[in-house]
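# An overview of the molecular structure
Letter by letter, the chains look like this.
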Amino acid sequence: MDRAEMLAYCLAKPGAWLDQPWEGDVVVKVGSKIFAFLGSETGNRVGVKCGPTREVADEWLHRFPDDAVPSAYIGRSGWNSLRLDGAIPDDELREAVDGSYEAVVAKLPKRERPAAP
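Here's a quick rundown of the structure. Model, not experiment: these values are computed from the prediction.

### Thoughts on helix α3 (residues 90–107)
Across its 18 residues, α3 extends 26 Å between first and last C-alpha, which sits within 8% of the 26 Å expected from 1.5 Å per residue. Along α3, the residues classified as buried are Glu92, Leu93, Ala96, Val97, Asp98, Ser100, Tyr101, Val104 and Val105. Its buried side turned inward, α3 meets α1 (3–11), β2 (25–30), β3 (33–39), β4 (45–49), α2 (54–63) and β6 (79–83).

In structure tokens, the structure reads:
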């Protein structure tokens, strides 16, 4: 999976929208919250919430030690950065995005949640 495919997958989620809160860094939000960090145009990683705690998110690090790392600054909260062009299968990358999206939507105030399809 490449960056363009991952971005398209993220943007296909209900209520998802593209933002650039920091110059040159692309994120995808639902409501007012980020569920995927895609970074710069030359990046080949996606940052997603991989669990409610660091301990749960560490499963990714054990399974894919060369392709998963805790996200800078927010890793302690269960966020990981996953390599798009490494050993992580595309379906697992999509599942990680799905989980991040669902976790973020669940914490949104009801007025910010996307309408059910």
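And the narrative resumes.
### Side note on a negative patch on the surface
On the surface, Asp2, Glu5, Asp90, Asp91 and Glu95 cluster together into a negatively charged patch. Structurally, Glu95 can be placed in helix α3.

### A look at the packing of α1 against α3
The angle between the axes and the distance between the axes are what describe a pair of packed helices. Direction vectors running N to C along α1 and α3 enclose 35°, while the axes themselves pass 11 Å from each other. Considering the relative orientation of α1 and α3, their crossing is right-handed. Contact residues: Met6, Tyr9 and Cys10 in α1; Leu93, Arg94, Val97 and Asp98 in α3. The residue inventory of the contact of α1 with α3, partitioned by class, reads 5 nonpolar, no polar and 2 charged.

### Some points on the nonpolar core
Ranked by size, the top nonpolar core spans 29 residues in total, and within it Met6, Val28, Phe35, Val46, Val48, Trp60 and Leu82 carry the most contacts. Elements with a minimum of two residues in this core: α1, β2, β3, β4, α2 and α3. A per-element tally of this core places α3 first, with 6 residues. When sequence neighbours within four positions are dropped, the list of residues in contact with Leu82 reads Asn44, Arg45, Val46, Val48, Cys50, Trp60, Asp67, Ala68, Ile88, Leu93 and Ala96.

### Focus on the pairing of β2
The buried count for β2 comes to 5 of 6 residues, which makes it a mostly enclosed element. Examined bridge by bridge, strand β1 (residues 16–22) and β2 share 5 bridges and lie antiparallel to one another. Residue pairing in the sheet places Leu18 in a bridge with Val28 of β2. Between the antiparallel neighbours β1 and β2 lie 2 residues, among them Gly24 with a positive phi of about 85°. Looking at chain direction, β2 and β3 are connected through 5 bridges and run antiparallel. For Val26, the partnering residue across the bridge sits in β3 and is Gly39. Connecting β2 to the antiparallel partner β3 that follows it, the hairpin turn spans 2 residues, and Gly31 within it adopts a positive phi of roughly 60°.

### Remarks on the layout of surface pockets
If a probe as big as a water molecule is rolled over the atoms, it shows which places are left empty. The computed volume of the largest pocket comes to approximately 370 Å³. Residue lining of the largest pocket: 20 residues in total, with Phe37, Gly39, Gly47, Ser71 and Ser81 positioned closest to the centre. Among the secondary structure elements, those contributing two or more residues to the lining of the largest pocket are β2, β3, β4 and β5 (68–70).

### Thoughts on the state of the cysteines
In a disulfide, the sulfur atoms of two cysteines are covalently bonded to one another. Considering all chains together, one arrives at 0 disulfides under this definition. No disulfide involves Cys10; its sulfur sits 12 Å from that of Cys50, the nearest cysteine. By relative accessible area, Cys10 is classed as buried at 0%.

Reading the values: the criteria
Residues numbered from 1 in each chain as written. Predicted model: local features only at pLDDT ≥ 70, side-chain atom pairs only at ≥ 80, totals over all residues. Heavy atoms only, no water. Helix = DSSP H or I, 4+ residues; strand = E, 2+ residues; numbered from the N terminus. Expected span 1.5 Å × (residues − 1). Buried < 20%, exposed > 50% of the residue type's maximum accessible area, 1.4 Å probe, protein only. Contact = heavy atoms within 4.5 Å. Patch = residues over 30% accessible without salt bridge, like charges linked within 9 Å, V, L, I, M, F, W, Y side chains within 5 Å. Areas by Shrake-Rupley, 256 points an atom, 1.4 Å probe, with all protein chains shown as cover. Salt bridge = Lys/Arg side-chain N within 4 Å of Asp/Glu carboxyl O. Lys, Arg positive; Asp, Glu negative; His and termini not counted. Charge placed at Lys NZ, Arg CZ, Asp CG, Glu CD. Axes fitted to C-alpha atoms, helices over the stretch in contact; angles between N-to-C directions. Left-handed = near helix turned anticlockwise from the far one by under 90°. Nonpolar A, V, L, I, M, F, W, Y, C, P; charged D, E, K, R; others polar. Core = buried A, V, L, I, M, F, W, Y, C linked by side-chain atoms within 4.5 Å. Pairing = 2+ DSSP bridges. 1 Å grid on protein atoms, 1.4 Å probe; cavity = no way out; pocket = protein on both sides within 12 Å on 5 of 7 lines; lining within 4 Å. Points joined across faces, edges and corners; volume = space filled by probe spheres on them. Disulfide = S-S within 2.5 Å.

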